[in-house]
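Coordinates in review
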Amino acid sequence: MDLNTYTNKAQQALLQAKSLATEYNHNAIEPAHILAALLMQEDGVVPEVVAKIGARPNVVLNDLQGTLDGLPRISGSNVQVGLSREASQVLTQAEKQAGKMRDEYISTEHVLLALVDARSTGSLLNRHSITQDAILQALTAIRGGQRVTTQDPEGTYQSLEKYGRDLTTAARRFTSSAAAPRITRCSSARPVLVKPPS
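The following paragraphs examine the structure supplied in this document. Just so it is clear, the model here is predicted, and its values are computed rather than measured.

A few words now on the nonpolar core. Counting residues in hydrophobic clusters, the biggest one holds 47 residues, and the most contacted among them are Ile 34, Val 111 and Leu 125. The contact partners of Val 111, leaving out residues within four places of it in the chain, are Ile 34, Leu 38, Val 90, Leu 91, Ala 94 and Ile 106.

Below, the structure written as structure tokens:
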């Protein structure tokens, strides 16, 4: 596994997963650690995708807590934490997902797509309606037709929504809020002359 082929957010998630495994005294990084790290990322794509699907990242994370608590613990001071076989398969699958999407780097969304197929996390994600199709639809809304061509693609997703201002919507809001009282005032103050028919 070459970390240079991963985006910055994906690298951060893998490091966070390792920290979680160490914190829980687990002997290996499991897919549950990776999923938890992805869901905890601030400004990450995965929480945004999960929310777009209609699930709440915090609820999924709380549900995942039971899985993490159920993993076997080890004790000792000289324990090396590495990838489990299943986690390694997830990352291999993420690489294939990136290839299918014609992306140059493996991003967090590729890892999420791979986690849907993982034995240990797939059923949990499906319970929250997080499926391959739902993820792909949410990704289309978030990143549009953009491909992952840099190690920091998340900064370019929905940049108009993040940094731009919709002047048309602002004008509509201003017009509807400013003009309505004026029209009411004018129409009530104007006398109307009605002439009887001759």
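On we go.
Turning our attention to the environment of Met 101. Within the fold, Met 101 resides in the loop between helix H5 (85-100) and helix H6 (108-117). For the pair Met 101 and Val 148, spaced 47 residues apart in the sequence, the C-alpha separation amounts to 8.9 Å. Excluding its chain neighbours within four sequence positions, the residues that come into contact with Met 101 are His 110, Leu 113, Leu 136, Leu 139, Arg 143 and Arg 147.

Let us now look at the packing of helix H2 (residues 31-40) against helix H7 (residues 119-127). Relative to each other, H2 and H7 sit at 45 degrees, their axes nearing to 8 Å. Classed by the angle they form, the pair H2 and H7 counts as oblique. Between H2, through Pro 31, Ala 32 and Leu 35, and H7, the contact on the second element is made entirely by Ser 120, Thr 121, Leu 124 and Leu 125. Among the residues making up the contact of H2 with H7, the classes are represented as five nonpolar, two polar and no charged.

Calculation criteria
- Residues numbered from 1 in each chain as written.
- Predicted model: local features only at pLDDT ≥ 70, side-chain atom pairs only at ≥ 80, totals over all residues.
- Heavy atoms only, no water.
- Core = buried A, V, L, I, M, F, W, Y, C linked by side-chain atoms within 4.5 Å.
- Buried < 20%, exposed > 50% of the residue type's maximum accessible area, 1.4 Å probe, protein only.
- Contact = heavy atoms within 4.5 Å.
- Helix = DSSP H or I, 4+ residues; strand = E, 2+ residues; numbered from the N terminus.
- Axes fitted to C-alpha atoms, helices over the stretch in contact; angles between N-to-C directions.
- Parallel < 35°, antiparallel > 145°, perpendicular 65-115°, else oblique.
- Nonpolar A, V, L, I, M, F, W, Y, C, P; charged D, E, K, R; others polar.

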